[in-house]
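Analysis of the macromolecular model
What follows is the residue order along each chain.
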Amino acid sequence: MDHHHPQHSVSVAGVIIDDQGRALLTQRRDNDHWEAPGGVLERDEDITTGLLREIHEETGLHVEPVTLTGVYKNMTRGIIALVFRCKVIGGHLTETDETRAFRWVTADEVQELASEAFAIRVLDAMHHDHPPAVRQHDGVHLLEPL
């Protein structure tokens with residue numbers, strides 16, 4: 001392995017959709033941003049285990065992944081995010097050390113609350129009839145494909 005080049009990290013996020021077609025957003029304690037629950041995978045952790053762990057840690061919910069809805073790269077920080085549409089199978093929403101609030105939102109509300117780079121992940125997941133999206137961003141704004 002060449003240690004002279006920076007490595008990427010991989011994160012996972014779950015866009016939890018309720019029976020009314022709304023998505024769950026969490027408000028982070030560290031920066032007050034509204035996002036889908038998720039986080040960085042541990043090195044020895046498989047994707048599904050990490051997804052389920054992160055969602056439970058941030059929401060108290062147990063979910064089932066339904067489908068991959070997008071792959072996103074933060075070009076500034078070298079983070080690749082895998083985003084999945086999920087459904088709740090148990091648990092209760094619970095504030096945590098990482099999460100200060102929750103909100104079930106419509107597509108319009110997502111765009112009002114979340115930055116463009118994070119809103120698009122939720123919007124992509126809310127479209128049941130689209131193939132997984134592949135996008136890049138700078139942490140705030142989407143970037144055009146090269």
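As the structure is a computational prediction, the values presented were derived from the model and not from experiment. (Residues numbered from 1 in each chain as written. Predicted model: local features only at pLDDT ≥ 70, side-chain atom pairs only at ≥ 80, totals over all residues. Heavy atoms only, no water.)

Some words on the environment of Gly139
Along the chain, Gly139 falls in the loop between β8 (133–137) and β9 (142–143). Look past the residues within four positions of Gly139 in its chain and what remains in contact with it is Asn74, Ser115, Ala117 and Phe118. (Helix = DSSP H or I, 4+ residues; strand = E, 2+ residues; numbered from the N terminus. Contact = heavy atoms within 4.5 Å.)

Some points on the sheet that holds strand β3 (residues 34–35)
Strands sit in the order β3-β2-β7 across an open sheet of three strands; the sheet is antiparallel. This sheet does not close on itself; its edge strands, each paired only once, are β3 and β7 (99–105). For strand β2 (residues 23–28) and β3, the ladder comprises two bridges, and the chain directions are antiparallel. Bridging from a neighbouring strand, Gln27 pairs with Trp34 of β3. (Pairing = 2+ DSSP bridges.)

Some thoughts on the layout of surface pockets
In this model, the largest pocket occupies a volume close to 580 Å³. Taken together, 28 residues form the lining of the largest pocket, with Arg28, Glu35, Arg77, Phe118 and Arg121 sitting closest to its centre. For the lining of the largest pocket, the secondary-structure elements that each account for two or more residues are β1 (9–16), β2, β4 (38–40) and α3 (116–126). (1 Å grid on protein atoms, 1.4 Å probe; cavity = no way out; pocket = protein on both sides within 12 Å on 5 of 7 lines; lining within 4 Å. Points joined across faces, edges and corners; volume = space filled by probe spheres on them.)

Focus on the pairing of β2
The element β2 is largely enclosed, with a buried count of five among its six residues. The pairing of β2 with β7 spans six bridges and is classified as antiparallel. Looking at β7, one finds that Ala23 is bridged to Val105. Linking two consecutive strands that pair antiparallel, namely β2 and β3, is a turn of five residues; a positive phi of about 65 degrees is found at Asp32 within it. (Buried < 20%, exposed > 50% of the residue type's maximum accessible area, 1.4 Å probe, protein only.)

Here's the deal with the packing of aromatic side chains
The geometry of an aromatic ring pair comes down to the distance between the two centres and the angle between the two planes. All chains considered together, the criterion is met by zero aromatic pairs. Sitting over the face of the ring of Trp34, Arg103 holds its NZ or CZ atom 5.2 Å from the ring centroid. (Phe/Tyr/Trp six-rings, centres within 6.5 Å; stacked < 30°, edge-to-face > 60°. Lys NZ or Arg CZ within 6 Å of the ring centre and 35° of its normal.)

Topic: the pairing of β1
Where burial is concerned, most of β1 is hidden: six out of the eight residues are buried. Both β1 and strand β6 (residues 79–91) contribute to a ladder of eight bridges, which runs parallel. Looking at β6, one finds that Gly14 is bridged to Phe84. As judged from the three bridges shared by β1 and β4, these two strands associate in the antiparallel manner. Bridged to Val12 within β4 is Gly39.

Quick notes on the sheet that holds β6
An order of β4-β1-β6-β5-β8-β9 is seen for the six strands of this open sheet, with the pairing classed as mixed. Strands with a single pairing partner mark the edges of an open sheet, and in this sheet they are β4 and β9. The strands that helix α1 (residues 47–59) touches are β1, β4, β5 (61–74) and β6; relative to β5, the one it contacts most, it runs at about 110 degrees. (Axes fitted to C-alpha atoms, helices over the stretch in contact; angles between N-to-C directions.)

Regarding the pattern of salt bridges
For the structure shown, the criterion picks out eleven salt bridges. Between Glu64 and Lys87 there is a salt bridge, with its nearest N and O atoms 3.8 Å apart. Of this pair, Glu64 sits in strand β5 while Lys87 sits in strand β6; the two residues are 23 residues apart in sequence, bridging distant segments of the chain. One continuous salt-bridge network, built from bridges that share partners, spans Glu42, Glu45, Arg53, Glu54 and Glu57. (Salt bridge = Lys/Arg side-chain N within 4 Å of Asp/Glu carboxyl O.)

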